[in-house]
2 protein chains.
Amino acid sequence: MLSIEPVTPGPLPRSAILNTEPTERSDAARNRELLLDAAEALVREQGADAVTMDAVAKRAGVGKGTVFRRFGSRSGLMHALLDQSEKKLQAAYMFGPPPLGPGAPPVERLVAFGRARLNGIEVEGDVIREASGGADRYSGAPYNVTKTHVSLLLRQAEAEGNIWLLADTLMAAIDAGLVLHQTRVLGYTLEQIGDYWESLVRRVTARTAQ
Amino acid sequence: MLSIEPVTPGPLPRSAILNTEPTERSDAARNRELLLDAAEALVREQGADAVTMDAVAKRAGVGKGTVFRRFGSRSGLMHALLDQSEKKLQAAYMFGPPPLGPGAPPVERLVAFGRARLNGIEVEGDVIREASGGADRYSGAPYNVTKTHVSLLLRQAEAEGNIWLLADTLMAAIDAGLVLHQTRVLGYTLEQIGDYWESLVRRVTARTAQ
């Protein structure tokens, strides 16, 4: 379901990417990735509630102690999971192939960004709910790295009016909590919401007539 | 600062308005209003933190016991305060004078609605934060009464695309948590955000060229 293309490793400016911890030895990094992939699969198949330290250990074929050593607690695991999803999406829109990555016209990149974000929401939405969010959500790095990207594309598209406030609105339109309500309570499909997103982006970036 | 016009009392369809309790005797209702006005003044002048049962009692010139009997707890008071603000805004856009109330063109009513909401946010925002909000915010009556209003105006304005998803986006653009971040952290004025809101409404309701 996730439409984000795999990204070839390269010299990422790491400061631009969310970091939870300093460099890891590569076997530890691989181990970590294995556990996070297992956790992500569980969320995708059964929802965030299914992610217990036990279930992740079983799924990854390791002992429960390994999961605890690696993430400390379920909350730590949830944060790491969210962090990984953000990193993947960031890498895809910063360095991946067009239309999500550089090379496509800005409006097409915005459209692709929204659709990629929506496709991740089944996973991330539940995790965001679990991993606090809270009052400082708009001040945190995940929000603002993404907002910078959206603002940049809006500027390139020569959108009118206040670019930064418009970026807030666009991000609010595909906020995880709202989208989960739209899909789970109101019955919209992610595709319908993606189509709506596309029409919204085209309208707010259209040049005013006259 | 609140730009909502006072509404002349009349035969309101009460089912459309949020109700917290059945009919009250009019002296009790006046008493309640007095206390809520005192609480609202405190929020407006000193923020939601300043609203204690004690402070409200002092401000209203009654004993603390009266406030407790009336609202049960600080949380009860906060909910009642939010409820009152919602009712005032609802009455204003449903039955008040144009451009917020009936009689103005739908786009002008949408513009006026956003500005009225923004003007209430200094009060309501803090109260919303205190009075839960939470996961079911999109399912609750306050959200959906307002969403119905916004959707109706969008339909009257013959806005293109999915009216209900667009209503969610517009409401997200002036969500209390987001707007408080924009004013308190980013330093925007409510007037700047109101001007942005107006330009957003005009763009999303503009007929597509060709």
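Residues numbered from 1 in each chain as written. Chains lettered and ligands numbered in written order. Predicted model: local features only at pLDDT ≥ 70, side-chain atom pairs only at ≥ 80, totals over all residues. Heavy atoms only, no water.

Chain A appears in an unreviewed UniProt entry as TetR/AcrR family transcriptional regulator from Nocardia uniformis.

## What about the overall build of chain A?
A tally of helices and strands in chain A yields nine helices and zero strands. The linear arrangement of helices and strands in chain A, starting from the amino end, is α-α-α-α-α-α-α-α-α. Classification of the 210 residues of chain A by burial places 49% in the buried group. A separation of at least 24 residues holds for 68% of the contacts in chain A among residues at least 6 apart in sequence. When the accessible surface of chain A is summed, it comes to about 9900 Å², and 55% of that surface belongs to carbon and sulfur atoms. (Helix = DSSP H or I, 4+ residues; strand = E, 2+ residues; numbered from the N terminus. Buried < 20%, exposed > 50% of the residue type's maximum accessible area, 1.4 Å probe, protein only. Contact = heavy atoms within 4.5 Å. Areas by Shrake-Rupley, 256 points an atom, 1.4 Å probe, with all protein chains shown as cover.)

## Quick notes on the interface of chain B and chain A
Where the parts come together, the accessible area they lose is often given as the size of the interface. Facing 28 residues of chain B, the contacting portion of chain A comprises 28 residues. Taken over both partners, the interface formed by chain B and chain A buries close to 2500 Å², and the fraction arising from carbon and sulfur atoms is 62%. Counting the surface chain B buries against chain A, the share from its top three residues, Tyr138(B), Leu165(B) and Arg203(B), is 28%. Remark: the boundary between chain B and chain A carries zero salt bridges. Across the contact surface, chain B and chain A share 12 residue pairs in polar contact (both at pLDDT 80 or more). At seven residues, helix α7 (residues 163-173) of chain B tops the list of elements feeding residues into the side of chain B that touches chain A. Its residues placed into classes, the side of chain B that touches chain A shows 15 nonpolar, eight polar and five charged. (Buried area = accessible area lost by both parts, 1.4 Å probe. Salt bridge = Lys/Arg side-chain N within 4 Å of Asp/Glu carboxyl O. Polar contact = N/O pair within 3.5 Å; in protein donor to acceptor, adjacent residues only side chain to side chain. Nonpolar A, V, L, I, M, F, W, Y, C, P; charged D, E, K, R; others polar.)

## Describing the side chain of Ser151(A)
Mapped onto the secondary structure, Ser151(A) falls in helix α6 (residues 141-156). Contact partners of Ser151(A), with chain neighbours within four places excluded, come to Ile163(A), Trp164(A) and Ala167(A).

## With respect to the pattern of salt bridges
Residues and elements named next belong to chain A. Under the defined criterion, the tally for this structure stands at 26 salt bridges over all chains. Here Glu86 makes a salt bridge to Arg117, at a shortest N to O gap of 3.2 Å. A residue pair is termed long-range when its members are at least 10 positions apart, and Glu86 in helix α4 (residues 74-95) and Arg117 in helix α5 (residues 106-130) qualify at 31 residues. Here Glu86 and Arg117 have matching classes, each one buried. Among the salt bridges present, the one from Arg202 reaches Glu198, with a minimum N-O distance of 2.8 Å. Here the residue Arg202 and the residue Glu198 both occupy positions in helix α9 (residues 190-205), the gap between them amounting to four residues, near one helical turn. A single network of salt bridges, built from pairs that share partners, joins Glu108, Arg115, Asp195, Glu198 and Arg202.

## Describing the relation of the copies chain B and chain A
Overlaying chain B on chain A yields an RMSD of 0.0 Å, the required transformation being a rotation through 180° with an accompanying axial translation of 0.0 Å. One copy is carried onto the other by what is essentially a two-fold rotation axis. Within chain B, the C-alpha atom positioned nearest to the axis of rotation is that of Ala172(B), 2.8 Å from it. Interface overlap between copies is the fraction of interface residues in one copy that are interface residues in the other; for chain B against chain A it reaches 100%, indicating a shared surface. (Least-squares fit on C-alpha atoms with pLDDT ≥ 70 in both.)

## Observations concerning the packing of α6(A) against helix α7 (residues 163-173) of chain A
Residue and element names in this part refer to chain A. Two elements in contact, α6 and α7, have axes whose closest approach is 9 Å; the angle formed by their N-to-C orientations is 120°. Here α6 lies oblique to α7, going by the angle between them. Handedness of the crossing formed by α6 with α7: right-handed. Together, Tyr143, Thr146, Lys147, Thr148, Val150, Ser151, Leu154 and Arg155 of α6 and Ile163, Trp164, Leu166, Ala167, Asp168, Leu170 and Met171 of α7 make up the contact between the two elements. Of the residues belonging to the contact of α6 with α7, the class tally is nine nonpolar, three polar and three charged. (Axes fitted to C-alpha atoms, helices over the stretch in contact; angles between N-to-C directions. Parallel < 35°, antiparallel > 145°, perpendicular 65-115°, else oblique. Left-handed = near helix turned anticlockwise from the far one by under 90°.)

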